[in-house]
Amino acid sequence: MNFSFLFGVFLLIQQVTVPDQIIITHQGKIVSTLNRSDFFSPYFGLPILDHKKFDEYLDRLDKLVYKEPINAALDSSGNIIPEQIGFRLSRQAFTEELYGFYFSNGTAQMKLPILPLYPKVDTELLGHIHSKRIGRYITSFNVSNKTRSKNISLAAKAINNVVVFPGESFSFNKIVGKRTAEKGYLRAPVIIRGEFSEDIGGGICQVSSTLFNAVDNAGLKIIQRFSHTRRVPYIPPGRDATVSWYGPDFVFKNTYNQPILIQAKTLGNYLIIKLYSSDVIQYRPKKVPSLL
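A short tour of the structure in this document, coming up.

**A few points about the overall build of the protein**
Step number 1: Looking only at helices and strands, the protein has 7 helices and 18 strands in total.
Step number 2: The 292 residues of the protein split such that 44% are buried.
Step number 3: Partitioning the intrachain contacts of the protein with sequence separation of at least 6 by distance along the chain shows that 71% fall at a separation of at least 24.
Step number 4: About 16200 Å² of surface is accessible on the protein, with carbon and sulfur atoms providing 52% of the total.

Here it is in structure tokens:
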């Protein structure tokens, strides 16, 4: 039987005086004020909840309180930065408390009930999977090309500290996201249909190509990779991995039974990408060619 109907029947039986207002607070501040008629409509003398309107209200509250959890990470010196727990609105608890306040007299006040959100990577796990290097690759770039160097640095930062769990796939485009000026990416040389041109984010294919070779060095499974239509100077022939937001992607899968940690950084004119895991991992490394 419909819960809203049962609540209405119970309300009539109890003959309670419902509060005119409910004040919603979060961290000591008022975030919303509700009237009894905001979400309940009379139906044959019974208050019936407008579920669509109420769900939209819960969405707005959730946006007010939501805090994304942050994974533990390694800083530039290799020290662990502890994780941060996030939180969001507990929709079920809020709904139950809201019904309960309708049986109170006068004005009621309610604190938003919060659910903790725990990050996937905590300090203990990160320390465990940073013990053994299983893959590495290094390429060089021209630091005098400031725009291209900036794009390489941004893309390397985007994939740095990413953890790929067993059975999971890593998508370069998904992790790095769309390359836009708002994110700091600049116009730099790119290869489009076999011809050199300029576009936002030019140079990030060096990051995807360097990552591909580090992944291949670790013996991980390559799901998707495409080469440029022209040879690129920073990698041996046939060892590149071109990417484009509306086109090719580089994807690999962690087929091992331990999580994989990606470490990526620029150092002078070098782009360095290393893969780590736990010291109990059983992996099958491969030799990969290099220009260095």
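Next, the rest of the story.
**Describing the packing of helix α5 (residues 146-159) against helix α7 (residues 204-217)**
Step number 1: Running from N to C, α5 and α7 point in directions that differ by 45°, and their axes come no closer than 7 Å. As summarised for this structure, α5 and α7 are arranged oblique, according to the angle between their axes. Regarding α5 and α7, the two cross each other, and that crossing is right-handed. On the side of α5, the interface is formed by Arg148, Asn151, Ile152, Ala155, Ala156 and Ile159, while α7 contributes Ile204, Gln206, Val207 and Leu211.
Step number 2: Residues belonging to the contact of α5 with α7 are distributed by class as follows: 7 nonpolar, 2 polar and 1 charged.

**Remarks on helix α3 (residues 91-101)**
Step number 1: Of the positions making up α3, those classed as buried are Phe94, Thr95, Leu98, Tyr99 and Phe101. The buried residues of α3 occupy an angular sector of 160° when projected down its axis, which confines them to one face.

**A short note on the sheet that holds strand β10 (residues 132-140)**
Paired through backbone hydrogen bonds, the strands of a sheet run either parallel or antiparallel to each other.
Step number 1: Taking strand neighbours across the sheet as the criterion, the 4 strands line up as β10-β18-β17-β11 in an open arrangement whose pairing is antiparallel. Where the open sheet ends on each side, the last strands, each with one partner, are β10 and β11 (163-164).
Step number 2: Note that strand β17 (residues 260-267) and strand β18 (residues 270-277) share 7 bridges and pair antiparallel. Looking at β18, one finds that Ile262 is bridged to Leu275.
Step number 3: Against the sheet, α5 contacts β17 and β18, and its axis sits at roughly 160° relative to β17.
Step number 4: Contacts between α7 and the sheet are confined to β10, β17 and β18, with β10 contributing the most and set at about 145° to the helix.

**Some details on the packing of helix α2 (residues 51-65) against α3**
Step number 1: Running from amino to carboxyl end, α2 crosses α3 at an angle of 120°, the nearest separation of the two axes being 11 Å. Considering their axes alone, α2 and α3 lie oblique with respect to each other. The chirality of how α2 crosses α3 is right-handed. Together, Phe54, Asp55, Tyr57, Leu58, Asp59, Leu61 and Asp62 of α2 and Arg91, Phe94, Thr95 and Leu98 of α3 make up the contact between the two elements.
Step number 2: The class makeup of the residues in the contact of α2 with α3 is 6 nonpolar, 1 polar and 4 charged.

**Concerning the packing of aromatic side chains**
Note on aromatic pairs: each is described by the distance of the centres and the angle between the planes.
Step number 1: Taken as a whole, this structure holds 5 aromatic pairs when the rule is applied.
Step number 2: Note on Phe170 and Phe252: the rings are 5.1 Å apart at their centroids and 25° apart in plane angle, and the pair reads as stacked. Of this pair, Phe170 sits in strand β12 (residues 169-171) while Phe252 sits in strand β16 (residues 251-253); the two residues are 82 residues apart in sequence, bridging distant segments of the chain.
Step number 3: We classify Phe170 as buried; its relative accessible area is 2%.
Step number 4: Among the aromatic side chains, those forming a connected cluster through ring pairs are Phe170, Phe212, Phe250 and Phe252.

**Some points on the pattern of salt bridges**
Side chains bearing opposite charge may pair, as long as their charged atoms lie close to each other.
Step number 1: Applying the stated rule across the entire model yields 5 salt bridges.
Step number 2: Salt-bridge contacts for Asp62 lead to Arg88; the nearest nitrogen and oxygen are separated by 2.5 Å. You can see Asp62 sitting in helix α2 and its partner Arg88 sitting in strand β7 (residues 86-89), a full 26 residues away along the chain.
Step number 3: Using a relative accessible area of 32% as the deciding quantity, one classes Arg88 as partly exposed.

**Let's talk about the nonpolar core**
Step number 1: Ranked by size, the top nonpolar core spans 39 residues in total, and within it Ile159, Phe172, Leu211, Ile262 and Leu275 carry the most contacts.
Step number 2: Every element with two or more residues in this core is listed here: β10, α5, α6 (172-176), α7, β17 and β18.
Step number 3: Element by element, the count of residues in this core is highest for α7, at 7 residues.
Step number 4: Aside from chain neighbours lying at most four places away, what touches Ile262 is Ile159, Asn160, Asn161, Val162, Val164, Phe170, Leu211, Phe252, Ile273, Lys274 and Leu275.
Step number 5: Ile24, Leu34, Phe39 and Phe94 belong to the second-largest nonpolar core, a separate cluster that totals 18 residues.

**Looking at the sheet that holds strand β2 (residues 29-35)**
Step number 1: Pairing within the open sheet is mixed, and its 3 strands lie in the order β2-β1-β8. Of all the strands in the sheet, just β2 and β8 (108-111) have a single pairing partner and so form its edges. Direction aside, the axes of adjacent strands within the sheet are offset by 25° on average.
Step number 2: Both strand β1 (residues 21-26) and β2 contribute to a ladder of 6 bridges, which runs antiparallel.

Calculation criteria
- Along each chain, numbering runs from 1 in the same order as the chain's sequence is written.
- Totals for whole chains, interfaces and linings use every residue, but because this is a predicted model, local features are given only for residues with pLDDT of at least 70 and side-chain atom pairs only at 80 or more, for both listing and counting.
- The basis for every side-chain value is the complete set of heavy atoms in the structure, and neither hydrogens nor water enter the calculation.
- Secondary structure elements follow DSSP: runs of H or I no shorter than four residues count as helices, runs of E no shorter than two count as strands, and numbering proceeds from the N terminus.
- Only protein chains enter the accessibility calculation, which uses a 1.4 Å probe; a residue is then buried when its area is under 20% of its type maximum, exposed when over 50%, and partly exposed in between.
- We call two residues in contact when some of their heavy atoms are within 4.5 Å.
- Here, Shrake-Rupley sampling with a 1.4 Å probe gives the accessible areas, and only protein chains in the shown set may cover a residue.
- Lines fitted to C-alpha atoms define the axes here, with helix axes fitted over just the stretch in contact, and angles between the N-to-C directions of these axes take values from 0 to 180 degrees.
- Roughly parallel here means an angle under 35 degrees, roughly antiparallel means over 145, roughly perpendicular means 65 to 115, and every remaining angle is called oblique.
- For a crossing to be left-handed, the near helix must be turned anticlockwise from the far one by less than a right angle; the clockwise case is right-handed.
- Nonpolar residues are Ala, Val, Leu, Ile, Met, Phe, Trp, Tyr, Cys and Pro. Charged residues are Asp, Glu, Lys and Arg, and all others, Gly as well, are polar.
- Here the arc refers to the directions that run from the helix axis out to each C-beta atom.
- DSSP calls a pair of strands paired once it identifies at least 2 bridges connecting them.
- Note on ring pairs: Phe, Tyr and Trp rings are taken, using the six-membered ring of Trp, and paired if centres are within 6.5 Å. Classes follow the plane angle, with under 30 degrees stacked, over 60 edge-to-face and the rest tilted.
- The working definition used for a salt bridge is a side-chain nitrogen of Lys or Arg within 4 Å of a carboxyl oxygen of Asp or Glu.
- For our purposes a nonpolar core is just a set of buried Ala, Val, Leu, Ile, Met, Phe, Trp, Tyr and Cys residues, chained together by side-chain atoms within 4.5 Å.

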